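Chain and residue survey
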Amino acid sequence: MKNVIKALVGTAGVVVMAFTISACSPEVGSKEWCEDMKEKPKGDWTPNELTDFTKHCVL
């Protein structure tokens, strides 16, 4: 029974962390996201971020 409770608590912790992490970052293409990307060093951008920035913030 203790193992089941530990597994449920662990799973709940992972779910809460996932929601917390996703809630902290602005939506891709939003004004806040574009501003965050402008502040981020260009060398740290991923190819997907570069594509999204060009698509949503430049064009």
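As a reminder, the structure under discussion sits directly above these lines.
Below, the structure is looked at part by part. (Residues numbered from 1 in each chain as written. Predicted model: local features only at pLDDT ≥ 70, side-chain atom pairs only at ≥ 80, totals over all residues. Heavy atoms only, no water.)

**Comments concerning the pattern of salt bridges**
The full count for this structure, using the stated rule, is one salt bridge. Taking the shortest distance from any N to any O, the salt bridge between Glu49 and Lys40 comes out at 3.0 Å. (Salt bridge = Lys/Arg side-chain N within 4 Å of Asp/Glu carboxyl O.)

**What about the side chain of Glu49?**
By secondary structure assignment, the location of Glu49 is in helix α3 (residues 47-58). Within the local environment of Glu49, its side chain forms a polar contact with the backbone nitrogen of Thr46, the two atoms lying 2.9 Å apart. Not counting the four nearest positions on each side in its chain, Glu49 is found in contact with Trp33, Met37, Lys40 and Asp44. (Helix = DSSP H or I, 4+ residues; strand = E, 2+ residues; numbered from the N terminus. Polar contact = N/O pair within 3.5 Å; in protein donor to acceptor, adjacent residues only side chain to side chain. Contact = heavy atoms within 4.5 Å.)

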